[in-house]
Amino acid sequence: NLLANQIAAGEVIERPASVVKELVENAIDAGATQIDVIVEEAGESLIRVVDNGEGINPEDVPLAFTRHATSKISNRHDLFNIMSLGFRGEALPSIAAISDVTLNTTTQDAPSGIMYHIKGGKQVSATPANGRRGTVVSVRDLFYNTPARLKYLKRPQTELSRIADIMNRIALSYTNVAFTVTSDGRNILQTNGDGNQQRVIAAIYGRDVAQKMRSIAGEDDDFNITGFVSLPELTRGSRDYLTILVNGRFIKNFSVSNAVIRGYGSKLMVGRFPMGVININTDPLLVDVNVHPQKAEIRLSKETELSALIIDTVKSCFADENL
Ligand code: ADP
Ligand code: MG
């Protein structure tokens, strides 16, 4: 079972950024409105996620570290349909199999919280503890017992930028949650949870960038599009600065990002890409959920129709100007 957990861990947890993603998604699922992420040495020595969510009842904590023990309902459409992000009950056991985890959690009603320590998949201790409502998960020495994984990590700078990328996308998706990200004592992201996506863009990319964004809006029978796209003068050398959210969830889809680019027509230099955030809202049934849950690349039904709508929406936002 420990071996099974280590194998599963390899699928769910590729790198420190995967741990951050899973822990933060759990915090979001728990209804947290404030989530603080603290990493040291790009997550290799410490990843800590502090949330003010509902917490876990002490007696349920060991269960949460058991495989497939999700407390969340799951039918096949849940992935994009309901609020719940987690659905497989694999993250915590996978993380605990390959690191040293302490989880400190307190619910509103339980008389006491718990401090739970598990290392390499084996419980070390469980003691009553009190804290504010919410959960603190601290992951230390990731991959300490899987040297192959450890060797495969890129240099700290690269691992940290993957953590930052994931947190940026999550902050853009969950504008009602206030996030902080601290790396080796330095604050690298701070959002206020006021629901204003343009302010999150400013928090990530800077105020000057946010000011060079235009809001867009468009819809047809199947899709509703909102978001922000950069003025044609503000471009980057890669598509990575174009974030696409379908029903609030980050995705990758080549034809969608292509449509955004095509919306600029000849205003964009060859090899340059706009920055922006595109929110696509649609019936979950038009979203292909039949993909590996760890992969962001998805297919959409009616992609041609969607592309045309996006091209139009982007085009019309620059139509009345000589840019
Ligand atoms: P999943 O999220 O797929 O259910 P996880 O392994 O990520 O599986 O988490 C297992 C369970 O632990 C969750 O279903 C949830 O009940 C509980 N849990 C994990 N993290 C938190 C948290 N931050 N706050 C409240 N409950 C949590
Ligand atoms: Mg989860």
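Residues numbered from 1 in each chain as written. Chains lettered and ligands numbered in written order. Predicted model: local features only at pLDDT ≥ 70, side-chain atom pairs only at ≥ 80, totals over all residues.

The protein is annotated in an unreviewed UniProt entry as DNA mismatch repair protein MutL from Leuconostoc suionicum.

Now for the overall build of the protein. Tallying secondary structure elements over the protein gives eleven helices and 15 strands in all. Expressed as a percentage of its 323 residues, the buried residues of the protein come to 38%. Excluding contacts between residues fewer than 6 apart, the proportion of contacts in the protein whose partners are at least 24 apart in sequence is 66%. (Helix = DSSP H or I, 4+ residues; strand = E, 2+ residues; numbered from the N terminus. Buried ≥ 20, exposed ≤ 12 C-beta atoms within 10 Å, placed from the backbone. Contact = placed C-beta atoms within 7 Å.)

Buried within helix 8 (residues 197-205) we find Gln197, Val200, Ile201 and Ile204. Buried residues of helix 8, viewed axially, fall in a sector of 105°; they line one side. Against helix 7 (156-173), strand 8 (186-190), helix 9 (207-211), strand 9 (213-219), strand 10 (223-230) and strand 15 (276-282) lie the buried residues of helix 8. A positive phi of about 105° marks glycine 206, the residue just after helix 8. (Arc of directions from axis to C-beta.)

Attention shifts here to the packing of helix 7 against helix 8. Axis separation between helix 7 and helix 8 bottoms out at 9 Å; the angle between their running directions is 160°. On the basis of the axis angle, helix 7 is roughly antiparallel to helix 8. Considering how the two elements wind past one another, helix 7 and helix 8 form a crossing that is right-handed. Along the contact surface, helix 7 presents Asn168, Ala171 and Leu172, while helix 8 presents Gln197, Val200 and Ile204. Residues of the contact of helix 7 with helix 8, tallied by class, amount to four nonpolar, two polar and no charged. (Axes fitted to C-alpha atoms, helices over the stretch in contact; angles between N-to-C directions. Parallel < 35°, antiparallel > 145°, perpendicular 65-115°, else oblique. Left-handed = near helix turned anticlockwise from the far one by under 90°. Nonpolar A, V, L, I, M, F, W, Y, C, P; charged D, E, K, R; others polar.)

What follows deals with the sheet that holds strand 3 (residues 100-106). For sheets, the rule is that strands pair by backbone hydrogen bonds, running either parallel or antiparallel. With mixed pairing, the eight strands of this open sheet are ordered in space as 5-4-3-6-2-1-7-8. Both outer strands of the open sheet, strand 5 (122-129) and strand 8, are each paired with one neighbouring strand and no more. Within the sheet, the average angular offset between the axes of one strand and its neighbour, ignoring direction, is 10°. In the sheet, strand 7 (residues 178-183) pairs with strand 8 via four bridges, with the strands oriented antiparallel. Bridged to serine 183 within strand 8 is arginine 186. Its contacts with the sheet put helix 2 (residues 16-29) on strand 1 (34-40), strand 2 (46-51) and strand 6 (134-140), and the angle it makes with strand 2 is roughly 10°. (Pairing = 2+ DSSP bridges.)

Direction vectors running N to C along helix 2 and helix 7 enclose 25°, while the axes themselves pass 8 Å from each other. In terms of orientation, helix 2 and helix 7 fall into the roughly parallel class. Our pair here, helix 2 against helix 7, has a crossing hand that is right-handed. Contacts from Pro16, Ala17, Val20, Lys21 and Val24 of helix 2 reach helix 7 at Glu159, Arg162, Ile163, Ile166, Met167 and Ile170.

Attention shifts here to the pairing of strand 9. By the bridge criterion, seven bridges tie strand 9 to strand 10 in an arrangement that is antiparallel. Paired with alanine 217 across the strands is threonine 226, a residue of strand 10. The loop that links strand 9 with its antiparallel partner strand 10 comprises three residues.

For phenylalanine 143, which is not glycine, the phi dihedral falls at a positive 65°. Summarising the element assignment, phenylalanine 143 is placed in the loop between strand 6 and helix 6 (147-152). C-beta crowding within 10 Å serves as the criterion here: with 20 such atoms nearby, phenylalanine 143 is assigned to the buried category. Of note in the backbone geometry, aspartate 184 takes a positive phi value of approximately 45° without being a glycine. Structurally, aspartate 184 is set in the loop between strand 7 and strand 8. Under the C-beta neighbour-count criterion, aspartate 184 is labelled partly exposed, with 14 such atoms within 10 Å.

Strand order in the open sheet made by the five strands is 9-10-15-12-13, with mixed pairing throughout. Sheet topology places strand 9 and strand 13 (249-251) at the edges, where each strand pairs with a single neighbour. For this sheet the average axis-to-axis angle between neighbouring strands, irrespective of direction, equals 20°. Where helix 7 meets the sheet, its contacts fall on strand 12 (242-246), strand 13 and strand 15, and the angle it forms with strand 12 comes to roughly 50°.

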